[in-house]
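Fold and geometry: a report
Residue strings, one per chain:
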Amino acid sequence: MTALLDCTTLAEVLRHRGACEPERHAYTFLKDGETEHARLSFGELDRRARAVAAALQARGAEGELAVLLYSPGLDFVAALFGCWYAGVVAIPAYPPLRAGATARFQSIVGDSRPRFALTSADVLDDARLAELRDASSCEWLATDTISADTADAWRDKGVGSERLALLQYTSGSTASPKGVMVSHANLIANERMIERAMGHSSSSTFVTWLPIYHDMGLIGNLLQPVYIGASCYLMSPVAFLQEPLRWLRAISTYRAHTSGAPDFAYDLCVQKITAEQRATLDLSSWEVAYDGSEPVRRETLERFAETFASCGLRASALYPCYGLAEATLLVTGGEKQETPRARSFDANALMADRVVDLADGADGARALIGCGRTILDQEIRIVHPETRLVCEASRIGEVWVRGPNVGQGYWNRPDTTEAMFRARVADTGDGPYLRTGDLGFLRDGELFVTGRLKDLIIVRGKNHYPQDIEQTVESSHASLRRGGCAAFPVDVDGAERLVVVAEVDRQHLRRLDGAAVIERIRQEISAHHELALHAAVLIKPGALPLTSSGKRQRHVARQRFIDAALEAL
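Rules of the game
Residues numbered from 1 in each chain as written. Predicted model: local features only at pLDDT ≥ 70, side-chain atom pairs only at ≥ 80, totals over all residues. Heavy atoms only, no water. Helix = DSSP H or I, 4+ residues; strand = E, 2+ residues; numbered from the N terminus. Contact = heavy atoms within 4.5 Å. Salt bridge = Lys/Arg side-chain N within 4 Å of Asp/Glu carboxyl O. Pairing = 2+ DSSP bridges. Axes fitted to C-alpha atoms, helices over the stretch in contact; angles between N-to-C directions. Phe/Tyr/Trp six-rings, centres within 6.5 Å; stacked < 30°, edge-to-face > 60°. Buried < 20%, exposed > 50% of the residue type's maximum accessible area, 1.4 Å probe, protein only. Parallel < 35°, antiparallel > 145°, perpendicular 65-115°, else oblique. Nonpolar A, V, L, I, M, F, W, Y, C, P; charged D, E, K, R; others polar. Core = buried A, V, L, I, M, F, W, Y, C linked by side-chain atoms within 4.5 Å.

Glancing now at the environment of Ala 90. With respect to the helices and strands, Ala 90 occurs in strand β4 (residues 89-93). Along the primary structure Ala 90 and Val 500 are separated by 410 residues, whereas in three dimensions their C-alpha atoms are 38 Å apart. Apart from residues lying up to four places away in sequence, Ala 90 is in contact with Ala 66, Leu 68, Leu 80, Cys 83, Trp 84, Ala 165, Leu 166 and Leu 167.

What follows is the structure, encoded as structure tokens:
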């Protein structure tokens, strides 16, 4: 076991590694996803973190909050651990240098009221930040200008494991972002779960392009290597999106053991990476290719496994999992090196919240990918969201979670915290549990997630999951872009009716026959879901509202439709 079991915080873990294995490689940042631009050993990271902590201690920062605003790179890592060394609660965010990020920044700062804003000199000097900086009450500090020579001024005052480590703001896919209060103990518990579930050791090299200010990129990619003493290679999300080959090339070059992404990223690799480019890749080292954060699609996994089999990728490396910020990150995961498990169920029964097994390929069957089992001493219950009674095995309900990884609640939201983090089973009083807001069921101990409670579309008493309708829409016509559709209900004369918004692929814009595309969408939805389409709106690529982590914001798309604010093609 490579984790340090006697350490109660990740700050203690890094202090130990900095003292005992200072030369061991910790992080490398790949500029443009290809060139090694910056590198840190555990000793160097420890020293830089102590320098940041000393600067914070000189400002009386213990117990205060600090928002972290860094462009992709390694300055964020030193600042994060510097906060923890100084007893400061960190708020990972992204510098508000573009319109979409400005609103999120204002929401986070308005909700958390941090005393400090930590960033780098280039971000601090950016003219686009000037107005927001002047309007905020934060004390701004460019941590990359702090000399490492000041590290010895840091004083270790000890930080208890039950104290807050992070405010991890949710992505806001179904509502405005909320700050999840994550303690040092929550972090250690979840890192231990990730290590166990994915079979990590100090030789498990990581590669990631995921945003490090979101839970999957932060907890699963940035912090797990420190916990187990492994190496991590990072690139910016933009580098991946511009050229998906860079992700798989880095995995091939650095012989990565673990790397993962949301479902859309695997689909993007299949679409964008050519046969000639695949011939240059060796993915045989890739043992954990985790897929999470958004619904895991059987078709995506099968296409990816088939497309990259010639590169040495084993289908058993594909690793569906489930988690959320409220549980720090990971909740369920499969057995390492076990091929993802797809099972088929009666689609009509699922719409009525019932679970009926069917043979694969049978008429009316819907295939679902299992997201693995609970890990270590965490517990999962499936509970009816209204009666709060535990569901029978044959019923779909809300996923409730209890364990040492579950966060402390939402910052400054006591009522919501009580409702979501302190739930109890109605007849027994068993609890408290975290209400995830996700719907699903357990089959042979494995979790199958069917959708989001708030996104559920109910028409004539039947439940329809938007991700199923979106998949049908995206596959209905060659001109529609994968991952660019949102399905949601609107009220029409007191009844819920279906609306879809779909992005058109850029190469089809000039010769688009919109009427034909919409008619095809209508036909496919009717055939596959027995639903009448109230309206379909075709929009330009990139126009669908997304969260900062790339999730569809169905509630925003719905409101824009109602307000007639969508720019329809």
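A few words now on the pattern of salt bridges. Throughout the structure, instances matching the rule amount to 37 salt bridges. Residue Asp 152 is joined to Arg 50 by a salt bridge in which the shortest nitrogen-to-oxygen separation is 3.6 Å. Here Asp 152, found in the loop between β6 (139-142) and β7 (164-169), pairs with Arg 50, found in helix α2 (residues 42-58); they are 102 residues apart in sequence, far enough to count as distant. We note a salt bridge from Asp 267 to Arg 482, for which the minimum N-O separation is 3.8 Å.

Here we take up the sheet that holds strand β21 (residues 446-452). Pairing is antiparallel in the open sheet, where four strands are placed in the order β18-β19-β20-β21. The two strands at the open ends of the sheet, each matched to only one other strand, are β18 (379-383) and β21. Taken over all neighbouring pairs, the strand axes of this sheet differ in orientation by 50° on average, direction set aside. As judged from the four bridges shared by strand β19 (residues 397-402) and strand β20 (residues 434-443), these two strands associate in the antiparallel manner. When the sheet's bridge partners are listed, Glu 398 is paired in β20 with Leu 439.

Between Gly 431 and the following residue, Pro 432, the backbone shows a cis peptide bond with an omega angle of 0°. Mapped onto the secondary structure, Pro 432 falls in the loop between α15 (414-421) and β20. Here Asp 444, not a glycine, exhibits a phi torsion of approximately 55°, which is positive. With a phi angle near 55°, Ala 564 is a residue other than glycine that sits in the positive phi range. If you trace the backbone, Ala 564 turns up in the segment after α18 (554-562).

A few words on the packing of aromatic side chains. Using the criterion set out here, one finds 20 aromatic pairs in the structure. Summarising the aromatic geometry, the rings of Tyr 70 and Phe 76 are spaced 6.3 Å apart at their centres and angled 85° between planes, so their arrangement reads as edge-to-face. Judged by its relative accessible area of 4%, Tyr 70 is buried. Ring geometry for Phe 240 versus Trp 247: centroids 5.6 Å apart, planes at 90°, classification edge-to-face.

The subject of this paragraph is the sheet that holds strand β12 (residues 318-323). Within a sheet, adjacent strands bond to each other through the backbone by hydrogen bonds, running parallel or antiparallel. With mixed pairing, four strands are arranged side by side in an open sheet as β11-β12-β13-β17. Every interior strand has two partners, whereas the edge strands, β11 (289-291) and β17 (373-374), have only one. In terms of strand pairing, β11 meets β12 through three bridges, oriented parallel. Bridging across to β12, Tyr 290 finds its partner in Tyr 319. Docked against the sheet, helix α7 (residues 184-198) engages β11, β12 and β13 (330-333), running at close to 15° with respect to β13.

What follows concerns the packing of helix α1 (residues 10-20) against helix α3 (residues 75-85). The contact between α1 and α3 brings their axes to 9 Å, and the two run at 110°. Classified by the angle between their axes, α1 and α3 sit roughly perpendicular to one another. For the pair formed by α1 and α3, the contact residues are Leu 10, Ala 11, Leu 14 and Arg 15 on the first element and Phe 81, Trp 84 and Tyr 85 on the second. Across the contact of α1 with α3, the residue classes tally to six nonpolar, no polar and one charged.

The biggest cluster of nonpolar side chains holds 119 residues, and the ones touching the most others in it are Trp 84, Trp 247 and Leu 248. The greatest single-element share of this core, amounting to nine residues, is contributed by α3. Among residues more than four places away in sequence, those in contact with Trp 84 are Leu 10, Ala 11, Ala 90, Val 159, Ala 165, Leu 166, His 184, Leu 187 and Leu 223. Counting 22 residues, the second largest nonpolar core, distinct from the first, contains Leu 97, Val 123, Trp 140 and Ala 142.

Honestly, it's all geometry; don't read function into it.
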